[in-house]
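# Descriptive analysis of the structure
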Amino acid sequence: MRFVKQLLAVAAVALVGGQSAAAVEGSFFLTLVIGAVTAVLGVVVYRWVVRRTERREPAELGLDGCGARVGRGTLIGVAMFAAVIANIAFLGGYRVEGWGSPTGALGLLGFMAAAAVTEELLFRGVLFRIIEERTGTWIALALTGVVFGAMHLANPDATLWGATAIAIEAGFMLAACYAATRNLWVPIGLHFGWNFAAGGIFSVAVSGNGESTGLLEASTSGPVALSGGAFGPEGSLYAVLAGVVLTVVFLWLAKRRGHIVPRRRRTAQAPATATVTR
């Protein structure tokens with residue numbers, strides 16, 4: 001029951017925040033404000049519902065040191081996406097054509113913050129964490145990664161390959177990041193840094209949601225394997241490779257730190273035998 005309550009509570013915040021942002025589309029200031037409020041409200045609601053349903057403090061979303069952890073994750077996400085873009089640009093698949101829109105980037109700042117927080121709370125904070133308790137790290141990572149990728153099939157320019165790429169480079173990677181750190185702040189920062197770098201800095205399509213207006217005015221071209229096509233660079237083989245590398249690194253750290261939860265095995269209990277004394 002706690003699974004359903006937590007999922008519904010965070011999903012409600014994500015839904016209301018998403019609908020509110022869509023209603024003010026075109027106003028960078030309102031989008032920024034609504035995104036920030038949605039992100040904060042998501043954290044508040046998650047902490048509240050975990051306390052109510054599990055009778056504990058949500059250590060995975062503790063407030064001590066949260067800023068440094070988010071910052072660390074953001075740097076990793078931005079650096080990861082910048083490396084992907086650099087490789088695509090080296091082969092002529094990405095070209096900067098001038099300056100874009102600072103106000104557009106500010107609007108995306110709020111929107112991406114809300115998306116990163118609510119999606120990480122849903123997929124890593126609720127789904128992965130609770131499934132891992134029952135099945136172990138490996139099965140939880142595989143299941144939630146596939147579901148995360150499949151969710152992106154609803155996007156306007158989604159493709160089966162794009163959803164598969166997201167499952168590998170983001171679904172698996174972000175779950176591995178949580179397993180390594182055992183807190184949600186680093187994967188939230190990583191998710192935000194990746195998305196904001198894509199839309200807010202390099203102005204490319206994010207997960208098949210159409211072109212973004214960020215700090216740079218740019219264009220992509222070339223085969224899907226190189227540029228990702230209409231889905232965006234997340235559908236590029238470079239992005240998949242980057243995600244695989246980070247997934248391996250995070251899982252190595254998780255194993256080294258003793259954070260891998262083994263699969264729970266049912267032990268058959270021998271039937272009780274009655275002892276008859278004569």
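The following paragraphs examine the structure supplied in this document. (Residues numbered from 1 in each chain as written. Predicted model: local features only at pLDDT ≥ 70, side-chain atom pairs only at ≥ 80, totals over all residues. Heavy atoms only, no water.)

## Let's talk about the overall build of the chain
Each helix and strand in the chain was counted, giving nine helices and two strands. In sequence order, the chain lays out its α and β elements as α-α-α-β-α-α-α-α-β-α-α. Radius of gyration (C-alpha) of the chain: 21 Å, near the 19 Å computed for a compact globule of 278 residues. Across its three principal directions, the C-alpha atoms of the chain cover 95 × 35 × 35 Å. (Helix = DSSP H or I, 4+ residues; strand = E, 2+ residues; numbered from the N terminus. Rg over C-alpha atoms; globule rule 2.2 N^0.38 Å.)

## Re the nonpolar core
Residues Tyr46, Leu61, Phe81, Tyr94 and Phe250 are the most contacted members of the largest nonpolar core, which totals 65 residues. Once residues lying within four places of it in the same chain are set aside, the contact partners of Tyr94 are Ile85, Ile88, Ala89, Phe202, Val204, Leu216, Ala218, Ser219 and Thr220. (Core = buried A, V, L, I, M, F, W, Y, C linked by side-chain atoms within 4.5 Å. Buried < 20%, exposed > 50% of the residue type's maximum accessible area, 1.4 Å probe, protein only. Contact = heavy atoms within 4.5 Å.)

## Focus: the pattern of salt bridges
Applying the stated criterion across every chain, the model contains 11 salt bridges. With a shortest N-O distance of 2.6 Å, Arg56 and Glu54 are connected by a salt bridge. With a relative accessible area of 27%, Arg56 lands in the partly exposed category. Classification of Glu54 by relative accessible area gives buried; the value is 17%. The closest approach of N and O atoms between Arg56 and Glu60, which form a salt bridge, is 3.1 Å. Within this structure, Arg2, Glu54, Arg56, Glu60, Arg129 and Glu133 form a network of salt bridges that share partners. (Salt bridge = Lys/Arg side-chain N within 4 Å of Asp/Glu carboxyl O.)

## Topic: helix 7 (residues 185–201)
The element helix 7 is largely enclosed, with a buried count of 16 among its 17 residues. Looking one or two residues beyond helix 7, the residue adopting positive phi is Ser203, at roughly 55°.

## With respect to a nonpolar patch on the surface
A cluster of nonpolar side chains, namely Phe28, Phe29, Leu30, Val33, Val37, Val40, Leu41, Val44, Leu106 and Leu109, defines an oily patch on the protein surface of about 820 Å² accessible area. Mapped by element, the contributors of at least two residues to the nonpolar patch are helix 2 (28–54) and helix 4 (102–135). With eight residues, helix 2 is the largest single contributor of residues to the nonpolar patch. Here Val44 is to be found in helix 2. (Patch = residues over 30% accessible without salt bridge, like charges linked within 9 Å, V, L, I, M, F, W, Y side chains within 5 Å. Areas by Shrake-Rupley, 256 points an atom, 1.4 Å probe, with all protein chains shown as cover.)

## Examining the environment of Gly65
By secondary structure assignment, the location of Gly65 is in the loop between helix 2 and helix 3 (66–90). The class for Gly65 is partly exposed, based on a relative accessible area of 43%. Separated by 161 residues in the primary sequence, Gly65 and Leu226 place their C-alpha atoms 38 Å from one another.

## As for the packing of aromatic side chains
Ring pairs (aromatic) are described by centroid distance and by the angle formed between their planes. All told, the structure shown has six aromatic pairs when counted by the stated rule. On the numbers, 4.8 Å between centres and 90° between planes, the contact of Phe81 with Trp194 is edge-to-face. Of the two residues, Phe81 sits in helix 3 while Trp194 sits in helix 7, which places them 113 residues apart along the sequence. The exposure class assigned to Phe81 is buried, which follows from its relative accessible area of 0%. Assessed through its relative accessible area of 7%, Trp194 is described here as buried. (Phe/Tyr/Trp six-rings, centres within 6.5 Å; stacked < 30°, edge-to-face > 60°.)

## Topic: the packing of helix 4 against helix 5 (residues 137–151)
Each pair of packed helices gets described by two things: the angle between the helix axes and the distance between those axes. Interhelical geometry of helix 4 versus helix 5 gives an angle of 150° and a closest axis separation of 8 Å. As helix 4 packs across helix 5, the resulting crossing turns out to be right-handed. Judged by residue contacts, Glu119, Phe123, Arg124, Leu127, Phe128, Ile131, Glu132 and Thr135 of helix 4 engage Thr137, Ile139, Ala140, Leu141, Leu143, Thr144, Val147, Phe148 and Met151 from helix 5. Residues of the contact of helix 4 with helix 5, tallied by class, amount to 11 nonpolar, three polar and three charged. (Axes fitted to C-alpha atoms, helices over the stretch in contact; angles between N-to-C directions. Left-handed = near helix turned anticlockwise from the far one by under 90°. Nonpolar A, V, L, I, M, F, W, Y, C, P; charged D, E, K, R; others polar.)

## A closer look at helix 9 (residues 237–256)
The α-helix advances 3.6 residues per turn, and as a result positions three or four apart in sequence lie on the same side. The end-to-end C-alpha separation of helix 9 is 29 Å, in line with the 28 Å expected for 20 residues at 1.5 Å each. Listed as buried for helix 9 are Ala239, Val240, Ala242, Gly243, Leu246, Thr247, Phe250, Leu251, Leu253 and Ala254. Buried positions in helix 9, seen along its axis, are confined to an arc of 165° and lie on one side of it. More than 90 degrees from the buried face of helix 9, the exposed residues found are Leu241, Val248, Trp252, Lys255 and Arg256. Contacts from the buried residues of helix 9 go to helix 3, helix 5, helix 6 (160–181) and helix 7. Backbone geometry just after helix 9 places Gly258 at a positive phi near 75°. (Expected span 1.5 Å × (residues − 1). Arc of directions from axis to C-beta.)

Just geometry here; none of it tells us what the structure is for.
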